[in-house]
Amino acid sequence: MSLNKILCAVTAFLFTSLLGGAAALANGIFYAEPEQLGFMEPATQVMRDIISFHNGLLYMCVGVTLFVMILMGYIFIKFNAKANPTPTTTTHHTGLEIAWTTLPIIILLVIAIPSFKLLYLEDVIPESDLTVKAIGNQWYWTYEYPDNGDFSFDAIMLNEEEGKDAKLPRLLGTDNHIVVPVNKTVRMIITATDVIHAWAMPAFGVKIDAIPGKLNETWFKAEREGIYYGQCSELCGKDHGFMPIMVEVVSQEKYEAWIKMAREEYAQIKTDNLTQVASMLPAQK
Amino acid sequence: MSSYGHGIPTGWRRWVFSTNHKDIGTMYLIFAIFAGIVGGAFSGLMRGELMEPGIHFLTMFTNGDVSAAKHFYNVLLTGHGLIMVFFMVMPALIGGFGNWFVPLMIGAPDMAFPRMNNISFWLLPAAIGLLILSTMFEGATYPGAGIGWTAYAPLATSGQPGPAVDLAIFSLHLAGASSIMGAINFICTIFNMRAPGMTLHKMPLFVWSVLVTVFLLLLSLPVLAGAITMLLTDRNFGTHFFDAAGGGDPVLYQHLFWFFGHPEVYILILPGFGLVSHIISTFSRKPIFGYLGMAYAMVAIGVVGFVVWAHHMFSVGMDVDTKAYFTAATMVIAVPTGIKIFSWLATMWGGSITFETPMLFALGMIFLFTIGGVTGVVLANAGVDTSMHDTYYVVAHFHYTMSMGALFSMFAGWYYWIGKISGKQYPQLVSKIHFWLTFVGVNVIFFPQHFLGLAGMPRRIPDYPDAYAHWNYVSSVGYMITGVGTLFFLVGAIMTLRSKTLVGDNQWGEGATTLEWTLSSPPPFHQFNELPRIK
């Protein structure tokens, strides 16, 4: 029976989500795994909180679905035309109607309290240790390190062969990527130059739109070293699926070494005001 | 009857110049089936591309040009969304079943404005024509508008400068005008043409559902029309409504769009709610449980539906308090929706249920809509939505409510009323095979998409990281099962029309109590020359 199949899938879904997502892939790369059912392995407190809140919601989902399913099953057996040839004429039951109105309200209130807690935890940005600016373009990301020498670079997806050479997963590896220190609060400032993009990093519990003419901010504090991936999450044209986001979380020492290298390697941003304004304008066609 | 000067027109005049609500309803239904096949084919091409990692399916249509195939994918997802919303679900539920059965159920001879009814319908072929035309004109380098059904600025303004997007916008203008006229027509019909004795509180629930739906249409569509007109002037006449460089705001477009867009999703499902109520009641041979609660639950869904729009925009960088409000308001909708689900169950409780095909689809709708409903409660929480927004979890959620909720109620309505519409019996076995294949198929398509979404797969991408290959493959297999199911629907529809087995006035017996079952099958060209009296 297909009902049975759904039940199995729901149970599988429940268990794997509760048991946590995937482990690290080879060489410290964190992403989804084949056949994964739940979230990716979290790398921040925020993402752990999202997962645990979601798991709570999942109990509600499965509970409500099973309740409806069991009721329907019971009704099919008990009140089919063979088992019950003469129907009743009940059309009202005030107590019952009050119950099925108030009970969902209570369930929703129980959900709302942790939901708001989580929301404010995510959205209120704590004191940050460094700022990274991400700028969405069709179809790549530009990153700036304003408080670390103001250098800037583009991160463009590697094609299939380049990705194989660099041993990075297909569609996720980029030529350059941002490097941040572990256990430090990073403030992300996000905008775009042409159309709306979205900067998403599933393992960090971060996703925010990059909108031309608008500065959005978010934050994360990664707790584990490794390479993390995300993808543009707002339809932005032909290569929407091909502007991945790659973040490398390293120790403080490695981070400082990288900053030193990056200052020399990547072009200094001109602090000329005009250029900055121009970078905010949509590209002229 | 022709002595009243109401002779039945013949030939093409009967259809093209039609002012008869039943003929217009029939044309709406045929149009919706045609549009559904096109929209379904679009999704088939998308699932074909997504079946395996890499881009090597859509390139068959672009002479091997990968870049063109990527744009083609965006054109397909835009077309799929627009066609299914504006040219399939709305014409079928409101234009088709609404036109056919609202006058019959309230004991009216026809709609209030029969000629406006005609133009409401005939604008639709023109509208879909413009949409099809848009696929042949340049969007951005390649043909077609690849902007998503949401058409967010600036992707839909400076992002795709070619005429394709203008044509798509015109198409929406026409479809919108058609729906606004339809809405006015239904409101006037329901308020003024009920048979003597039929108070609002005695009105069948399907009529209630259409009444709420058309109010939503009337209040929300002008906002969409305004928003897309602003897109049009931004594109062609140098305005900067949505252009930050000129002092505009791209997020304003999203607010306008979703102020329409959220009521729109209730527009798609509410008539289905009404229909399912009748079917559940008919096949349980019991009157509906908690009639007033059911009616006012729909009114509540309609009202609250207008104040939750920004839950589609949790990631645009809204103030945290605003997000908290939209989280709370959105969760409130679960309450009236719960009332409906439980009232349906209570209607069946103590009933004497037979499992005819319409009942199977209605039961399938209740169960699958419950799943879509609970994932909706998950998504309502702005905190969790950070992880879900723009992933396949959202795709799974709204297809459980739309592609299962709305579509299953449409099929339920089809099998429930095709005997009344055509006077003929649908084939039992073929229709049951249709149900089971569709039920299994849609679950195989959409249930795994929850997994993909949780694992972080973004929507609207033609190729995905290899980790997502497994469930995408399963999902595409589900599409094939559903596709075969749809063939059974089409075969069943043809078999019905060619069938020699006639059904009587009331095919379903004592459970079917609304006025359409007092008429012959099919009903006379003009019914209720003497108005029925409701006690």
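Residues numbered from 1 in each chain as written. Chains lettered and ligands numbered in written order. Predicted model: local features only at pLDDT ≥ 70, side-chain atom pairs only at ≥ 80, totals over all residues. Heavy atoms only, no water.

Colleague: Can you help me understand the overall build of chain A in this one?
Modeller: Counting its regular elements, chain A contains six helices and eleven strands. Out of the 285 residues in chain A, the part that is buried amounts to 51%. Considering only contacts within chain A whose residues lie at least 6 apart along the sequence, 66% involve residues at least 24 apart. Looking at chain A as shown, the accessible area adds up to about 13,200 Å², and 61% of this sits on carbon and sulfur atoms. (Helix = DSSP H or I, 4+ residues; strand = E, 2+ residues; numbered from the N terminus. Buried < 20%, exposed > 50% of the residue type's maximum accessible area, 1.4 Å probe, protein only. Contact = heavy atoms within 4.5 Å. Areas by Shrake-Rupley, 256 points an atom, 1.4 Å probe, with all protein chains shown as cover.)

Colleague: Which parts of the structure should I look at to understand the packing of helix H13 (residues 392-422) of chain B against helix H15 (residues 469-498) of chain B?
Modeller: Relative orientation and spacing of two packed helices are given, respectively, by the angle between their axes and the distance between those axes. Residue and element names in this part refer to chain B. At a minimum axis separation of 11 Å, H13 and H15 run at an interaxial angle of 15 degrees. Classified by the interaxial angle, the pair formed by H13 and H15 is roughly parallel. Two packed elements cross with a definite hand, and for H13 against H15 that hand is right-handed. Contacts between H13 and H15 involve Phe-411, Trp-414, Tyr-415, Ile-418 and Ser-422 from the first element and Phe-489, Ala-493, Thr-496 and Leu-497 from the second. The residue makeup of the contact of H13 with H15, split by class, is seven nonpolar, two polar and no charged. (Axes fitted to C-alpha atoms, helices over the stretch in contact; angles between N-to-C directions. Parallel < 35°, antiparallel > 145°, perpendicular 65-115°, else oblique. Left-handed = near helix turned anticlockwise from the far one by under 90°. Nonpolar A, V, L, I, M, F, W, Y, C, P; charged D, E, K, R; others polar.)

Colleague: Is there a simple way to think about unusual backbone geometry in this case?
Modeller: Across residues other than glycine, the phi torsion is negative in most instances, and most of the peptide bonds are trans. The step from Gln-138 of chain A to Trp-139 of chain A runs through a cis peptide bond, and the omega angle for that step is 0 degrees. Here Trp-139 of chain A is to be found in the loop between strand E2 (130-137) and strand E3 (140-145). Here the residue pair Ser-521 of chain B and Pro-522 of chain B is connected by a cis peptide bond, since its omega of -10 degrees sits within 30 degrees of zero. Note that Pro-522 of chain B resides in the segment after H15. With a phi close to 60 degrees, Asp-150 of chain A is a non-glycine residue in the positive phi region. If you trace the backbone, Asp-150 of chain A turns up in the loop between E3 and strand E4 (151-155).

Colleague: Where do I start with the pattern of salt bridges in this structure?
Modeller: Pairing is possible between side chains of opposite charge, provided their charged atoms come close. All told, the structure shown has twelve salt bridges over all chains when counted by the stated rule. Put simply, Glu-510 of chain B and Arg-285 of chain B hold a salt bridge, and the shortest N to O gap is 2.5 Å. Of this pair, Glu-510 of chain B sits in the segment after H15 while Arg-285 of chain B sits in the loop between helix H7 (250-284) and helix H8 (291-304), placing them 225 residues apart in sequence. Here Glu-510 of chain B falls in the exposed class, since its relative accessible area comes to 57%. We classify Arg-285 of chain B as partly exposed; its relative accessible area is 26%. Put simply, Arg-170 of chain A together with Asp-463 and Asp-466 of chain B are held in one network by salt bridges that share partners. (Salt bridge = Lys/Arg side-chain N within 4 Å of Asp/Glu carboxyl O.)

Colleague: When you look at the nonpolar core in this model, what are you seeing that I'm missing?
Modeller: Judged by nonpolar contacts, the single largest core of 247 residues is most densely connected at Tyr-145, Trp-199 and Phe-204 of chain A together with Phe-86 and Phe-87 of chain B. It is helix H3 (residues 66-106) of chain B that provides the largest number of residues to this core, a total of 23 residues. Those residues in contact with Phe-87 of chain B that lie beyond four places of it in its chain are Phe-31, Ala-32, Ala-35, Leu-82, Leu-124, Ala-127, Ile-128, Leu-131, Ser-171 and Ala-175 of chain B. In this structure, Ile-51 and Phe-53 of chain A together with Tyr-393 and Val-394 of chain B belong to the second largest nonpolar core, which totals 26 residues. (Core = buried A, V, L, I, M, F, W, Y, C linked by side-chain atoms within 4.5 Å.)

Colleague: Is there a simple way to think about the packing of aromatic side chains in this case?
Modeller: The geometry of an aromatic ring pair is captured by two quantities: the separation of the ring centres and the angle between the planes. Per the counting criterion, the structure on display carries 70 aromatic pairs over all chains. Between Tyr-31 of chain A and Tyr-229 of chain A the ring centres are 6.1 Å apart and the planes differ by 85 degrees, which places this aromatic pair in the edge-to-face class. Placement of Tyr-31 of chain A in the loop between strand E1 (29-30) and helix H2 (45-78) and of Tyr-229 of chain A in strand E10 (residues 226-230) is noted, with a sequence separation of 198 residues between them. Look at Phe-79 of chain A and Trp-349 of chain B: their rings are 5.1 Å apart centre to centre, the planes differ by 55 degrees, and that puts the pair in the tilted class. Taken together, the residues Phe-79 of chain A in the loop between H2 and helix H3 (94-123) and Trp-349 of chain B in the loop between helix H10 (334-348) and helix H11 (357-380) connect one chain to another. For Phe-79 of chain A, a relative accessible area of 11% gives the class buried. Cation over ring: Lys-70 of chain B sits above Phe-242 of chain A, and NZ or CZ is 4.2 Å from the ring centre. (Phe/Tyr/Trp six-rings, centres within 6.5 Å; stacked < 30°, edge-to-face > 60°. Lys NZ or Arg CZ within 6 Å of the ring centre and 35° of its normal.)

Colleague: For this particular structure, what's the right way to read the layout of surface pockets?
Modeller: With a probe scaled to a water molecule rolled over the atoms, the places where space remains empty come into view. All names here are of chain B. Taken as a whole, the second largest pocket encloses approximately 650 Å³ of empty space. Along the wall of the second largest pocket there are 28 residues; nearest its centre are Lys-202, Pro-204, Pro-287, Thr-513 and Thr-514. Split into classes, the residues belonging to the lining of the second largest pocket amount to twelve nonpolar, ten polar and six charged. (1 Å grid on protein atoms, 1.4 Å probe; cavity = no way out; pocket = protein on both sides within 12 Å on 5 of 7 lines; lining within 4 Å. Points joined across faces, edges and corners; volume = space filled by probe spheres on them.)

Colleague: Honestly, the interface of chain A and chain B in this entry has me stumped. Any pointers?
Modeller: When the parts of a complex come together, some accessible area is lost, and that lost area is often taken as the interface size. Of the residues lining the interface, 94 residues belong to chain A; the matching set on chain B comes to 101 residues. Taking both sides of the interface into account, the surface hidden between chain A and chain B amounts to around 8,100 Å²; carbon and sulfur atoms contribute 70%. The three residues of chain A that bury the most area against chain B are Trp-100, Lys-207 and Leu-235 of chain A, which together make up 9% of that side's buried surface. Counting the contacts that link chain A with chain B gives four salt bridges. (Buried area = accessible area lost by both parts, 1.4 Å probe.)

Colleague: What exactly am I supposed to notice about the domain arrangement of chain A here?
Modeller: Residue and element names in this part refer to chain A. Split by domain assignment, chain A resolves into domain 1 (1-38), domain 2 (43-85 + 95-124) and domain 3 (130-277). With five residues of domain 1 at the contact, the number on the domain 3 side is eleven residues. Taking both sides of the interface into account, the surface hidden between domain 1 and domain 3 amounts to around 650 Å²; carbon and sulfur atoms contribute 65%. At the junction of domain 1 and domain 3, the tally comes to zero salt bridges. Where domain 1 touches domain 3, the interface holds two residue pairs in polar contact (both at pLDDT 80 or more). Here the residues of the side of domain 1 that touches domain 3 sort into three nonpolar, two polar and no charged. (Domains from an automatic or database assignment. Polar contact = N/O pair within 3.5 Å; in protein donor to acceptor, adjacent residues only side chain to side chain.)

Colleague: Please clarify how a negative patch on the surface should be interpreted in this entry.
Modeller: All names here are of chain A. The grouping of Asp-154, Glu-160, Glu-161, Glu-162, Asp-165 and Asp-175 at the surface amounts to a negative patch. In terms of residues, the negative patch owes the most to one element, helix H4 (residues 160-166), which gives four residues. Relative to the elements of secondary structure, Asp-175 occurs in the loop between H4 and strand E5 (178-181). (Patch = residues over 30% accessible without salt bridge, like charges linked within 9 Å, V, L, I, M, F, W, Y side chains within 5 Å. Lys, Arg positive; Asp, Glu negative; His and termini not counted. Charge placed at Lys NZ, Arg CZ, Asp CG, Glu CD.)

Colleague: Looking at this model, I keep getting lost on the packing of helix H6 (residues 205-236) of chain B against H7 of chain B. Mind explaining?
Modeller: Residue and element names in this part refer to chain B. Put simply, H6 and H7 touch, their axes get as near as 8 Å, and they point 160 degrees apart. Here H7 runs roughly antiparallel to H6, going by the angle between their axes. As for the relative orientation of H6 and H7, their crossing is left-handed in sense. The residue inventory of the contact of H6 with H7, partitioned by class, reads 25 nonpolar, six polar and one charged.

Colleague: Would you take a moment to explain the environment of Val-223 of chain B for this structure?
Modeller: Residues and elements named next belong to chain B. In this fold, Val-223 is placed in helix H6. Sequence separation between Val-223 and Gly-261 is 38 residues; the distance between their C-alpha atoms is 9.6 Å. Discounting residues that sit within four places of it in the chain, Val-223 has contacts with Leu-256 and Phe-259.

Colleague: Just to check I follow, could you spell out helix H4 (residues 114-134) of chain B for this structure?
Modeller: In an α-helix, one turn spans 3.6 residues; hence positions three or four apart end up facing the same way. All names here are of chain B. The first and last C-alpha atoms of H4 sit 31 Å apart over 21 residues, in line with the 30 Å expected at 1.5 Å per residue. When H4 is considered as a whole, its buried residues turn out to be Asn-117, Asn-118, Ser-120, Phe-121, Leu-123, Leu-124, Ala-127, Ile-128, Leu-130, Leu-131 and Ser-134. Residues of H4 that are buried in the fold lie against helix H1 (11-16), helix H2 (21-50), H3 and helix H5 (163-192). (Expected span 1.5 Å × (residues − 1).)

Colleague: Explanation requested: the pairing of strand E11 (residues 245-250) of chain A in the structure shown.
Modeller: Where a strand is regular, its side chains alternate between the two sheet faces. All names here are of chain A. Counting buried residues in E11 gives five out of six residues, a clear majority hidden from the surface. Where E5 meets E11, four bridges bridge the pair, whose relative direction is parallel. In the strand pairing of E11, Pro-181 is matched with Val-250. (Pairing = 2+ DSSP bridges.)

Colleague: Just to check I follow, could you spell out the pairing of strand E6 (residues 186-192) of chain A for this structure?
Modeller: Residues and elements named next belong to chain A. Along E6, five of the seven residues are buried, which leaves the element largely enclosed by surrounding structure. Of the pairings in the sheet, the one linking E6 to strand E9 (residues 216-220) comprises five bridges and is antiparallel in character. Considered in E9, the bridge of Val-186 is made with Phe-220.

Colleague: Help me understand the confidence of the model for chain A in this model?
Modeller: In regions of low pLDDT, the predicted coordinates are not meant to be interpreted in detail. Across chain A, pLDDT averages 87, with 84% of residues at or above 70. Contacts for the low-pLDDT stretch residues 18-23 of chain A, under 50 throughout, to residues beyond four places or in other chains number eleven contacts. (pLDDT = per-residue confidence, 0-100.)

Colleague: What is the right way to read the sheet that holds E6 of chain A from this model?
Modeller: Working definition: the strands of a sheet are paired by backbone hydrogen bonds and lie parallel or antiparallel to each other. Residues and elements named next belong to chain A. Strand order in the open sheet formed by five strands is E4-E3-E2-E6-E9, and the pairing between neighbours is mixed. The open sheet has two free edges, formed respectively by E4 and E9, since each of these has just one partner strand. For this sheet, the mean inter-axis angle between neighbouring strands, taken without regard to orientation, is 25 degrees. Across the face of the sheet, helix H5 (residues 252-265) comes into contact with E2, E3 and E4 while running at roughly 90 degrees to E4.

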